[in-house]
Amino acid sequence: MYSCYSCGKTYSLLEPRWRCDCGGFLTLPEEATFPQEAFFNRGYSIWRYRESYLLPSHAPSISLGEGWTPIVTAKIASVEVRFKLDYLMPSGSFKDRGSSVLVSLCKALGIEELVEDSSGNAGASMAAYCAVAGIKCRIFAPAYTPEGKLIQTRLYGAEVVKIPGSRQDTNDAVLKAAATTYYASHLWNPYFVQGHMSAAFELWEQLRGELPRSLLVPLGSGGYLEGIYRGFRTLQLAGLVRTPPRLIGVQAQNCRPLYEAFLLGLDTGAPIETQPTLAEGIAVSRPPRASAVLEAVRRSGGTILSVSEDSIQAAHALLLRYGFYTEPTSAVALAGWLQMPEEERENSMILLTGHGLKESEKIAQIHGVRV
Ligand SMILES: *Cc1c(COP(=O)(O)O)cnc(C)c1O
Ligand SMILES: [Zn+2]
């Protein structure tokens, strides 16, 4: 059963729906569903934990082997820090966790065509899983989006619909299309968030329960952080984890609605002016699930940081020096970590979210390398 975060109204999971009639976003119950005995003879992907996502029981697993990404330790500024390499995913970003689960839901509901708006990793990821599922996928993007960012999406066979005008015009256009097809929104859909729970489950298994004290993630819409929180909550309710990690979301100073809201103690995103940022993957000025994200940060005992463009550039250069080839957005979490007091840096983990090979030219430019 879905329930609305704002008004509490409930809906059947078998209804193709992406938000409440009141305009609020939907949530799924917090449950202790984590049947370990069932996992042990399964393969190592997010589908090892299929029961925990609370999908309708007849849902297939639309999978490309996503999840179970490596953990690597590095010593930076004389402190050991662990990285989880979530950029090593089938479509090149952690968003495959969410897409795999959301597209599986769509398949279970008999959806044959869906729409989504994204000019980046979410669009590419949804397109990949729709290709596997045999679902027609249309991705809406503003007309000003550079073609380079859409190539991967097109190559998977999705139709790219370019909308003239602002990001808001693209939003309006996708909502209009949603009247006749399904809007599989990575920003709104609670099953996209469910897929991200897998990161928490993996950490628990990979580290044999020895969890880090703090977990840092780049924070855009906050779906990833919300999902990780829900994953640890599941483990806590199942009696397997006593103290989950503090979740630390890091935003770019140039686009920081959640940072401002956290600072001001608001329970929804703060209205802000935005400026362009190197961290394009987290430039979300009005995150629809903000209330749930802020609640997750607070309940985990964590915080939200914001970092300058210069520090993102410097952190990205550092990642390259350590051999991690990520997109600049991923460097935001390391920039946040470097900004923390030294004693708080101990026993942390940083999630590296998106692959650099998608953006080599931009990366070369950022670091002044001529190509
Ligand atoms: C989407 C994205 C993020 C942010 O995830 P949210 O769930 O929107 O907070 C971070 N890094 C990369 C590479 C992304 O594509
Ligand atoms: Zn409602």
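Residues numbered from 1 in each chain as written. Chains lettered and ligands numbered in written order. Predicted model: local features only at pLDDT ≥ 70, side-chain atom pairs only at ≥ 80, totals over all residues. Heavy atoms only, no water.

A. Focus on the coordination of the zinc ion (ligand 2). Note on the zinc ion (ligand 2): its protein donors are Cys4 (SG), Cys7 (SG), Cys20 (SG) and Cys22 (SG). The metal-donor distances range over 2.3 Å. The site at the zinc ion (ligand 2) holds four donor atoms, and with the angles between them running 105 to 120°, its shape is tetrahedral. Mapped onto the sequence, the residues coordinating the zinc ion (ligand 2) show the spacing C-x2-C-x12-C-x1-C. (Donors = N, O, S within 2.8 Å, 3.2 Å for Na, K, Ca; no water. Tetrahedral: all angles 85-135°; square planar, octahedral: opposite > 155°, others 65-115°.)

B. Here's a closer look at empty space enclosed by the protein. What the rule picks out here adds up to one cavity of 30 Å³ or more. In terms of lining residues, the largest cavity is bounded by Pro29, Glu31, Thr33, Ser52, Leu54, Met197, Arg230 and Thr234. When residues of the lining of the largest cavity are sorted by domain, at least three fall in each of domain 1 (2–43) and domain 2 (71–94 + 191–366). (1 Å grid on protein atoms, 1.4 Å probe; cavity = no way out; pocket = protein on both sides within 12 Å on 5 of 7 lines; lining within 4 Å. Points joined across faces, edges and corners; volume = space filled by probe spheres on them. Domains from an automatic or database assignment.)

C. View of the site of ligand 1. Around ligand 1, the structure places 16 residues, and the nearest of them are Lys95, Asn121, Ser221, Gly222 and Thr353. A distance of 2.7 Å separates an oxygen atom of ligand 1 from a polar atom in the side chain of Asn121. Separating an oxygen atom of ligand 1 from a backbone N or O atom of Tyr224 is a distance of 2.8 Å. Coverage of ligand 1 by the protein chains reaches 96% of its 380 Å² of free accessible surface. Per-class residue counts for the shell around ligand 1 are five nonpolar, nine polar and two charged. (Near = heavy atom within 4 Å. Polar contact = N/O pair within 3.5 Å; in protein donor to acceptor, adjacent residues only side chain to side chain. Areas by Shrake-Rupley, 256 points an atom, 1.4 Å probe, with all protein chains shown as cover. Nonpolar A, V, L, I, M, F, W, Y, C, P; charged D, E, K, R; others polar.)

D. Layout of unusual backbone geometry. For Arg208, which is not a glycine, the phi torsion comes out positive at approximately 50°. Positionally, Arg208 belongs in the loop between helix 6 (190–206) and strand 10 (214–218). Phi at Asn347 takes a positive value of approximately 55°, unusual for a residue other than glycine. Among the secondary structure elements, Asn347 is positioned in the loop between helix 12 (342–345) and strand 13 (348–352). (Helix = DSSP H or I, 4+ residues; strand = E, 2+ residues; numbered from the N terminus.)

E. Structural detail: the nonpolar core. Grouped together as the largest cluster of nonpolar side chains are 86 residues, with contacts concentrated most on Leu114, Tyr191 and Ile228. If we skip the residues at most four places from it in the chain, Ile228 touches His196, Ala199, Ala200, Leu215, Val217, Leu247 and Leu351. With 29 residues, the next largest nonpolar core counts Ile76, Val79, Ile248 and Val307 among its residues. (Core = buried A, V, L, I, M, F, W, Y, C linked by side-chain atoms within 4.5 Å. Buried < 20%, exposed > 50% of the residue type's maximum accessible area, 1.4 Å probe, protein only. Contact = heavy atoms within 4.5 Å.)

F. Highlighting the sheet that holds strand 9 (residues 182–183). An order of 8-7-6-9 is seen for the four strands of this open sheet, with the pairing classed as parallel. Each edge of the open sheet is held by one strand with a lone partner, namely strand 8 (159–163) and strand 9. In this structure, strand 6 (residues 113–117) lies alongside strand 7 (residues 136–142), joined through five bridges in parallel fashion. Residue Val115 lies in a different strand from strand 7, and its bridge partner there is Arg138. (Pairing = 2+ DSSP bridges.)

G. Here's a closer look at the sheet that holds strand 3 (residues 26–27). Judged by pairing direction, the sheet is antiparallel, and its three strands sit side by side in the order 2-1-3 without closing on themselves. Every other strand in the sheet has two partners, leaving strand 2 (10–11) and strand 3 as the edge strands with one partner each. In this sheet, strand 3 lies alongside strand 1 (residues 2–4) in antiparallel orientation, the contact comprising two bridges. Bridging across to strand 3, Ser3 finds its partner in Thr27.

Honestly, that's just the spatial picture; any functional story needs more than this.
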